[in-house]
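Summary of structural features
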Amino acid sequence: MLQDKIKQYTEEIEQFNPQTSADVENFRLKFLVSKGIVKSLFEEFKAAPADEKRVLGKVLNDFKQLAEGKYQQAQEQFGSTGQVSQAKAEGDLTLPGDGFTLGARHPLSLVRKEIVEIFKKLGFIVAEGPEIEDDWHNFSALNFPPEHPARDMQDTFFIKKQDGNDIALRTHTSSVQVRLMEAGKPPFRAIMPGRVYRNEAISARAHCFFHQVEGLYVDENVSFADLKQTLYHFVQELYGEGTKVRFRPSYFPFTEPSAEMDISCTICKGAGCQLCKYSGWVEILGCGMVDPNVLENCGIDSTKYSGFAFGMGIERITNLKYEIRDLRLFSENDVRFLNQFQTEII
């Protein structure tokens, strides 16, 4: 009879004591699958006499819940991977420990470190400054006129607008150059790595925050030839010998004369691609001779001293070095992207 079968299988379930995950799976296949015992008993229930169904229905439902509960308990004990659960393993010190994934440095950190090491070999020190700056250090001391578009809300994240001394997230690490020159006396030979912020639309080529490394060299008789040779050496060290370099005239408020430096595109090898806008060249930094007004603003005699400055975006340098086409990947924390740099262990 149906009730006898239910009683027999109930005793079997109550006595079930799995030793392995295979025992758990066998239990499921025997009782809970579509052709298992629970399903077959419900099929038999359909043919039972009407006066017995009320009693049998409750017994059968209790049996089904017992089978499902026993299976759930066994699953929690052994886990879906077939391993003993953490709850059971807590008191067993002979079990192997949990593994962990080795971390890796972020690609931006790798490139920043490499840039710093190259310039350290040339005698540059590392200087840092605050990310929240006042108008003087971020704009005025660097020869930005009051009407310059960089001061506009479209380009700058202002924290406080007040006459003559606006407070904003720094738009470049040039502000560290000002602080360095104000606090000491020439010669200066330093680089300034750090995060900067600009109110720009986010795309594959731009972001509202990014990272820069700026450099400053101030001494007697510093020339544009010194600047070109320094940056040429930097490119050969970072991208390899044979990397082509070109300088183009440009304008920056804090340097005169000014230039932008391009290198041959490392992704398309000069053939033309989206990153280089199909020109074969990619601009990697801006540079120039420090404007005498900037030196005077920082208390340095511009008739005695001269200097050069340069600034580059670490994201752009990293794009070219690792052939990454979308700089948004740097801030999305996608482990599939970051795991590509697992060879560089922290």
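Residues numbered from 1 in each chain as written. Predicted model: local features only at pLDDT ≥ 70, side-chain atom pairs only at ≥ 80, totals over all residues. Heavy atoms only, no water.

Another aspect to go through is the UniProt feature "binding site: Mg(2+)" (unreviewed entry) in the protein chain. In this numbering, the UniProt entry assigns the feature "binding site: Mg(2+)" (unreviewed entry) to Glu-256. Excluding its chain neighbours within four sequence positions, the residues that come into contact with Glu-256 are Met-289 and Asp-291. (UniProt positions renumbered as here; feature names shortened; annotations may be inferred. Contact = heavy atoms within 4.5 Å.)

For the rest of this paragraph, the subject is the sheet that holds strand β7 (residues 245-252). Read from one edge to the other, the open sheet built from 7 strands follows the order β1-β5-β6-β10-β9-β8-β7, with strand pairing classed as mixed. Of all strands in the sheet, those with a lone pairing partner are β1 (125-126) and β7, marking the two edges. As paired strands, strand β8 (residues 255-264) and strand β9 (residues 281-290) are joined by 8 bridges and run antiparallel to one another. Considered in β9, the bridge of Met-261 is made with Leu-285. The strands touched by helix α6 (residues 107-120) are β1, β5 (188-197), β6 (209-219) and β10 (306-313); relative to β5, the strand with the most contacts, the crossing angle is about 165°. (Pairing = 2+ DSSP bridges. Helix = DSSP H or I, 4+ residues; strand = E, 2+ residues; numbered from the N terminus. Axes fitted to C-alpha atoms, helices over the stretch in contact; angles between N-to-C directions.)

It is worth spelling out the packing of aromatic side chains at this point. In this structure the tally under the stated criterion is 15 aromatic pairs. Each ring, one from Phe-16 and one from Phe-27, has its centre 4.6 Å from the other, and the planes form 25°; the classification is stacked. Linking Phe-16 in the loop between α1 (2-14) and α2 (21-31) with Phe-27 in helix α2, this pair joins segments that are 11 residues apart in sequence. Across the pair, exposure class does not vary: Phe-16 and Phe-27 are buried alike. (Phe/Tyr/Trp six-rings, centres within 6.5 Å; stacked < 30°, edge-to-face > 60°. Buried < 20%, exposed > 50% of the residue type's maximum accessible area, 1.4 Å probe, protein only.)

In this section: helix α9 (residues 224-239). Between the first and last C-alpha of α9 there are 22 Å, a value that for 16 residues agrees with the 22 Å anticipated at 1.5 Å per step. Residues of α9 that are buried: Leu-227, Thr-230, Leu-231, Phe-234, Val-235, Gln-236, Leu-238 and Tyr-239. Tucked into the core, α9 has its buried residues touching α6, β7, β8, β9, β10 and α11 (314-322). Gly-240, located one to two residues past α9, shows a positive phi value of around 105°. (Expected span 1.5 Å × (residues − 1).)

At a closest axis distance of 9 Å, the pairing of α6 and α11 adopts a crossing angle of 100°. With respect to their mutual orientation, α6 and α11 come out roughly perpendicular. Of α11, the residues touching α6 (which contributes Pro-107, Leu-108, Leu-110, Val-111, Arg-112, Glu-114 and Ile-115) are Ile-314, Glu-315, Ile-317, Thr-318, Lys-321 and Tyr-322. Partitioned by chemical class, the residues of the contact of α6 with α11 number 8 nonpolar, 1 polar and 4 charged. (Parallel < 35°, antiparallel > 145°, perpendicular 65-115°, else oblique. Nonpolar A, V, L, I, M, F, W, Y, C, P; charged D, E, K, R; others polar.)

Among the structural elements, Asp-135 can be located in helix α7 (residues 135-138). Apart from the residues lying within four places of it in its own chain, the contact partners of Asp-135 are Ser-140, Arg-151, Gly-164, Asn-165 and Asp-166.

To summarise the sheet geometry, strands pair through backbone hydrogen bonds and adopt either a parallel or an antiparallel arrangement. Spatial ordering of the open sheet is given by β2-β4-β3, a layout of 3 strands whose pairing is antiparallel. The sheet terminates laterally at β2 (132-134) and β3 (158-160), the two strands that pair on one side only. Within this sheet the neighbouring strands show an average axis-to-axis angle of 35°, counted without direction. Strand direction decides the pairing type here: β3 and strand β4 (residues 167-169), joined by 2 bridges, are antiparallel. In the strand pairing of β4, Phe-158 is matched with Ala-168.

Moving on: the confidence of the model for the protein chain. Across the protein chain, pLDDT averages 86, with 94% of residues at or above 70. Confidence over residues 81-89 falls short of pLDDT 50; this stretch has 12 contacts with residues more than four positions distant or in other chains. (pLDDT = per-residue confidence, 0-100.)

A few words now on the pattern of salt bridges. Any two side chains of opposite charge can pair, given that their charged atoms come close. Applying the stated rule across the entire model yields 14 salt bridges. Two residues, Glu-44 and Lys-5, come together in a salt bridge whose shortest N-O distance is 2.9 Å. Of this pair, Glu-44 sits in helix α3 (residues 37-45) while Lys-5 sits in helix α1, and the two are 39 residues apart along the sequence. On the basis of relative accessibility, which here comes to 33%, the residue Glu-44 falls in the partly exposed class. Where Arg-248 meets Asp-262, a salt bridge forms, and the shortest distance between an N and an O atom there is 2.5 Å. Of this pair, Arg-248 sits in strand β7 while Asp-262 sits in strand β8, and the two are 14 residues apart along the sequence. A relative accessible area of 27% means that Arg-248 is categorised as partly exposed. Residues joined by salt bridges that share partners form a network here, namely Arg-246, Arg-248, Glu-260 and Asp-262. (Salt bridge = Lys/Arg side-chain N within 4 Å of Asp/Glu carboxyl O.)

Before going further, it helps to examine the domain arrangement of the protein chain. By domain assignment, the protein chain separates into domain 1 (1-77) and domain 2 (105-337). Look at where the C-alpha atoms of domain 1 and domain 2 centre, and you get two points 72 Å apart. (Domains from an automatic or database assignment.)

Okay, the nonpolar core next. Residues Phe-310 and Met-312 are the most contacted members of the largest nonpolar core, which totals 43 residues. In terms of residues, this core owes the most to one element, α6, which gives 7 residues. In this structure Phe-310 touches Phe-119, Phe-124, Gln-177, Ile-191, Val-213, Glu-214, Gly-215, Leu-227, Leu-231, Leu-285, Gly-286 and Cys-287, once residues within four positions along its chain are discounted. Core analysis: the second largest hydrophobic core is formed by 22 residues, Phe-188, Ala-190, Leu-295 and Ile-300 among them. (Core = buried A, V, L, I, M, F, W, Y, C linked by side-chain atoms within 4.5 Å.)

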